[in-house]
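In case you want the letters, here they are:
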Amino acid sequence: LSATFRTDPDAVRPLVPECSQIPDEPTVTVSFGDYDQVDFMAGGGYRVAYAGVSARFAGEETVDGLHVLIMWENDTLPIIMGRELIGIPKLHADITPIRSMPDDGLRATASVWGHEVMRIDAAGFKDQNMVVRRTAQKRVNETPWLGYKHIPSFDERVDVSYPMVVWNEVELAELAFAETARVSFGSADETDIAELALIPQTLDGLPLGNLEVAVHARGSAVLALNRS
């Protein structure tokens with residue numbers, strides 16, 4: 001379940017590493033996912049909620065992707081693997097399933113120590129046919145996650161610091177577009193969740209303009225580590 005909004009390039013510039021470029025009309029995406037039958041979890045699963053902004057990395061090759069600002073997950077194993085291996089900024093949160101609401105809309109929330117840090121509501125869904133699904137699938141597979149693996153040390157040096165590009169290979173079995181969507185990041189402050197409050201406070205400060213697209217999808221995905 002995800003929603004993408006237009007935002008202000010000046011607002012997102014401080015949140016993205018200098019090695020990445022911000023487009024003239026950037027977007028913010030908030031996404032929730034229920035992952036099950038995960039191979040590295042012996043068929044188990046976990047939930048994820050993340051926020052990212054559109055960005056471009058121009059190195060030996062030029063890649064347009066989604067720079068992940070934060071990825072909340074509810075299980076320690078994928079947090080450690082994803083953070084230390086592929087450089088995605090992951091932290092623990094309690095994440096609800098994507099659940100149906102009385103107005104036929106969908107909602108998902110993430111919270112830390114009982115305080116909400118991310119939420120999405122979407123409604124007015126319309127199922128899409130195979131042609132639209134295949135087009136959306138192609139776009140998703142051409143838009144990798146951009147991360148930055150940064151592991152500090154106790155002095156002024158860093159143990160590791162370099163950009164990462166992470167590819168997912170997705171197959172969409174079902175796809176529905178929503179007419180409306182809104183996201184929020186709660187009101188937790190430092191007395192509630194200590195330094196972690198900087199994350200929802202910063203995201204809440206991003207101006208969200210027109211809704212570009214909101215979707216609910218089902219399918220399968222492979223984290224293509226061989227390409228990352």
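Residues numbered from 1 in each chain as written. Predicted model: local features only at pLDDT ≥ 70, side-chain atom pairs only at ≥ 80, totals over all residues. Heavy atoms only, no water.

*Asks:* Quick question: what am I supposed to make of helix H3 (residues 130-141) here?
*Replies:* Each full turn of the α-helix corresponds to 3.6 residues, which orients residues three or four apart in the same direction. Look at H3: 16 Å from first C-alpha to last across 12 residues, which is about the 16 Å you get at 1.5 Å a residue. By the burial criterion, the buried members of H3 are Arg133, Ala136 and Gln137. Down the axis of H3, the smallest arc covering the buried residues is 105°, so these residues share one side. In H3, the exposed residues that point more than 90 degrees away from the buried face are Val131, Arg134, Thr135, Lys138 and Arg139. In this structure, the buried residues of H3 make contact with strand S14 (168-177). (Helix = DSSP H or I, 4+ residues; strand = E, 2+ residues; numbered from the N terminus. Expected span 1.5 Å × (residues − 1). Buried < 20%, exposed > 50% of the residue type's maximum accessible area, 1.4 Å probe, protein only. Arc of directions from axis to C-beta. Contact = heavy atoms within 4.5 Å.)

*Asks:* I keep staring at the nonpolar core and nothing clicks. Help me out?
*Replies:* When a protein is soluble and globular, its nonpolar side chains tend to lie buried together. Counting residues in each nonpolar core, the largest one holds 41 residues, and the members touching the most others are Phe32, Trp72, Ala110, Met118 and Leu203. Among the secondary structure elements, those contributing two or more residues to this core are strand S1 (2-6), strand S3 (27-35), strand S4 (46-58), strand S5 (62-73), strand S9 (106-112), strand S10 (115-123) and strand S15 (180-184). When residues no more than four places from it in sequence are discounted, the contact partners of leucine 203 are Ala51, Leu69, Ile70, Met118 and Phe185. Counting 10 residues, the second largest nonpolar core, distinct from the first, contains Met71, Ile86, Ile88 and Trp145. (Core = buried A, V, L, I, M, F, W, Y, C linked by side-chain atoms within 4.5 Å.)

*Asks:* Help me understand the pattern of salt bridges, please; the structure alone is not making it clear to me.
*Replies:* Two side chains that carry opposite charge are able to pair once their charged atoms sit near each other. Across all of its chains, the model carries 12 salt bridges by this definition. A salt bridge links lysine 90 to glutamate 73; its shortest N-O distance comes to 3.0 Å. Of this pair, lysine 90 sits in strand S6 (residues 90-92) while glutamate 73 sits in strand S5, placing them 17 residues apart in sequence. Accessibility assignment for this pair places lysine 90 and glutamate 73 in one class, buried. (Salt bridge = Lys/Arg side-chain N within 4 Å of Asp/Glu carboxyl O.)

*Asks:* Would you take a moment to explain unusual backbone geometry for this structure?
*Replies:* What you tend to see is this: most non-glycine residues have negative phi, and most peptide bonds are trans. For glutamine 37, which is not a glycine, the phi torsion comes out positive at approximately 55°. With phi around 55°, alanine 42 is a residue other than glycine that occupies positive phi space. Note that alanine 42 resides in the loop between S3 and S4. The class of alanine 42 is exposed, set by a relative accessible area of 78%.

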